[in-house]
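Observations on the model geometry
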Amino acid sequence: FQYTTVKENKSELLKFLLHFMEYGIAILRECPVLDNPVSLINQDLRYGPVKHTLYGTVPEVTFKSATDGEFVAFTNSEVVTHTDNSFYSRPAEILTMYGKSNSVEGGASLYVDTFAVLDEVRQEQPEYFRILSQVVAYYRYGVPGDKLNVSRHRVLDMRGEDMYRVVDTFFTLDEYAFARNVTDIETRKLWWKAYSYYRGKCREARTPAVQRIEAGYLVMIDNSRVLHGRQPFEEGPGGERVINLMYTEFSHLIPAVIDLHQEIAGLRKVQSGAPNVSDRNFKHATWSWRK
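The following paragraphs examine the structure supplied in this document.

Calculation criteria
Residues numbered from 1 in each chain as written. Predicted model: local features only at pLDDT ≥ 70, side-chain atom pairs only at ≥ 80, totals over all residues. Heavy atoms only, no water. Salt bridge = Lys/Arg side-chain N within 4 Å of Asp/Glu carboxyl O. Helix = DSSP H or I, 4+ residues; strand = E, 2+ residues; numbered from the N terminus. Buried < 20%, exposed > 50% of the residue type's maximum accessible area, 1.4 Å probe, protein only. Pairing = 2+ DSSP bridges. Axes fitted to C-alpha atoms, helices over the stretch in contact; angles between N-to-C directions. Contact = heavy atoms within 4.5 Å. Polar contact = N/O pair within 3.5 Å; in protein donor to acceptor, adjacent residues only side chain to side chain. Phe/Tyr/Trp six-rings, centres within 6.5 Å; stacked < 30°, edge-to-face > 60°. Core = buried A, V, L, I, M, F, W, Y, C linked by side-chain atoms within 4.5 Å.

Here the focus is the pattern of salt bridges. Tallied over the entire structure, the rule returns 16 salt bridges. Across the pair glutamate 263 and lysine 10 runs a salt bridge whose closest N-O atoms are separated by 3.0 Å. Within this pair, whereas glutamate 263 is found in helix α8 (residues 250-265), its partner lysine 10 is found in helix α2 (residues 10-23), the two being separated by 253 residues in sequence. The exposure class of glutamate 263 is partly exposed, given its relative accessible area of 36%. A salt bridge links glutamate 120 to lysine 201; the nearest nitrogen and oxygen atoms lie 3.0 Å apart. Linking glutamate 120 in helix α4 (residues 114-124) with lysine 201 in helix α7 (residues 185-203), this pair joins segments that are 81 residues apart in sequence.

In structure tokens, the structure reads:
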């Protein structure tokens, strides 16, 4: 999608938001490069407000050096695919990544549709699928200010037979905490086998979608479905990579979609034919880059 077209045409904006709800990801190109991009979400795209997190309202992931910084995101190393904020009891549902500058060699972002991966797990190893959707894993993570956040989640939440929400922070999963809180050793062993099988599929070379985030790119990600990560990169002379992160909720996106439909149709209330978006479990279409 192209920013000017979406901003100036309500029908195109509605298509953009519905595309996101169906596929769990939507990319907007040629956005203005702003010091504070919150207005893009709150006003232009209408799915705000942007939430405040422990990292601030608009955290900035800026490459510093290969060794500088506490977090791997500030280095030029690979960032394993994951969901954000899994150390919260209620992780943010929508992550928006916004490119401010990118002049490094490499460093393309990776995206994995966990629903497509877990569909394969369900077909190939139904017992693993059952374990991932029933056993609670514990996460703990050191956040800014020497704080320790601890949470507990199933990898996969279901609504009936439908996949609903995935929580997967590969590098904050604490095996010791998990082992300490689940006393059944056989369940523990089976969980790790199931999780390793699922993660192995996530890392297969043909599974991730690859997209470099250039300056002016805005990538809207369903943080309850699509994993994101990053390939390593070379700094190069004058190389710079700055990405803003912003978090929002489906509870604000859904009314925006309904309002847009009403405005386009000139309606005062929702009529037949309106998008069925009363719940985030909106006609998901799985995607994969497998061949």
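Back to the write-up after that little detour.
All right, on to the sheet that holds strand β6 (residues 109-113) then. Whether parallel or antiparallel, the strands of a sheet pair through hydrogen bonds between backbone atoms. The strand order across the open sheet built from four strands is β3-β13-β6-β11, with neighbouring strands paired in antiparallel fashion. What marks the edges here is a single partner per strand, and that holds for β3 (79-82) and β11 (209-211). Adjacent strand axes in the sheet meet at a mean angle of 20°, parallel and antiparallel pairs treated alike. Pairing analysis gives five bridges linking β6 to strand β13 (residues 226-230), with the strands arranged antiparallel. Counted as the bridge partner of serine 109 is arginine 230 from β13.

Turning to α4, its buried residues are Thr114, Phe115, Ala116, Val117, Leu118, Glu120 and Val121. Here the buried face of α4 lies against β6, α5 (126-134), β9 (156-159), β10 (162-166), α7 and β13. The N-terminus of α4 is capped by aspartate 113, whose side-chain oxygen sits 3.1 Å from the backbone nitrogen of phenylalanine 115.

Attention now moves to the environment of tyrosine 3. Along the chain, tyrosine 3 turns up in helix α1 (residues 3-8). Here the alpha-carbon distance between tyrosine 3 and leucine 45, two residues 42 residues apart in the chain, equals 9.4 Å. Here tyrosine 3 is in contact with Leu28, Arg29, Glu30, Cys31, Pro32, Leu40 and Asp44, once residues within four sequence places are set aside.

When you line up the elements, serine 109 lands in strand β6. Classification of serine 109 as buried rests on a relative accessible area of 1%. Those residues within four positions of serine 109 in sequence are excluded, and the remaining contacts are Ala209, Val210, Gln211, Arg212, Ile213, Gly229, Arg230 and Arg241.

On to the packing of aromatic side chains, then. Under the criterion given, the structure shown has seven aromatic pairs. Look at phenylalanine 1 and phenylalanine 16: their rings are 5.3 Å apart centre to centre, the planes differ by 85°, and that puts the pair in the edge-to-face class. One end of the pair, phenylalanine 1, is in the segment before α1; the other, phenylalanine 16, is in helix α2, with 15 residues separating them in the sequence. Given the relative accessible area of 32%, phenylalanine 1 is considered partly exposed. Ring geometry for phenylalanine 20 and phenylalanine 250: centres 5.8 Å apart, planes at 25°, overall stacked. Here phenylalanine 20 is found in helix α2, whereas its partner phenylalanine 250 is found in helix α8, with 230 residues between them in sequence. For the pair shown, phenylalanine 20 and phenylalanine 250 are each scored as buried. Clustering of aromatic rings is evident, with ring pairs tying together Trp191, Trp192, Tyr195 and Tyr198.

Membership of the largest hydrophobic core comes to 28 residues, with the highest contact counts inside it found for Phe16, Leu17, Tyr47 and Leu253. Listing elements by their share of this core, those giving two or more residues are α1, α2, β1 (25-28), α3 (38-44), β4 (94-102), β12 (218-222) and α8. When neighbours within four sequence positions are excluded, leucine 17 is seen to be in contact with Leu45, Tyr47, Met220, Leu253, Val257 and Leu260. Membership of the second largest hydrophobic core comes to 23 residues, among which are Leu156, Met163, Val167 and Cys202.

Moving on, we get to unusual backbone geometry. Residues apart from glycine generally show negative phi values, whereas peptide bonds are mostly found in trans. Here the amide bond leading from glycine 48 into proline 49 is cis, since omega sits at 10°, within 30 degrees of zero. Tracing the sequence through the fold places proline 49 in the loop between α3 and β2 (60-62). The backbone of glutamate 30 sits at a positive phi, close to 60°, despite the residue not being glycine. Mapping glutamate 30 onto the fold places it in the loop between β1 and α3. Looking at glutamate 30, the relative accessible area reads 55%, which means it is exposed. Positive phi values are uncommon outside glycine, yet arginine 46 reaches one of about 65°. The residue arginine 46 is located in the loop between α3 and β2 in this model. Classification of arginine 46 as partly exposed rests on a relative accessible area of 26%.

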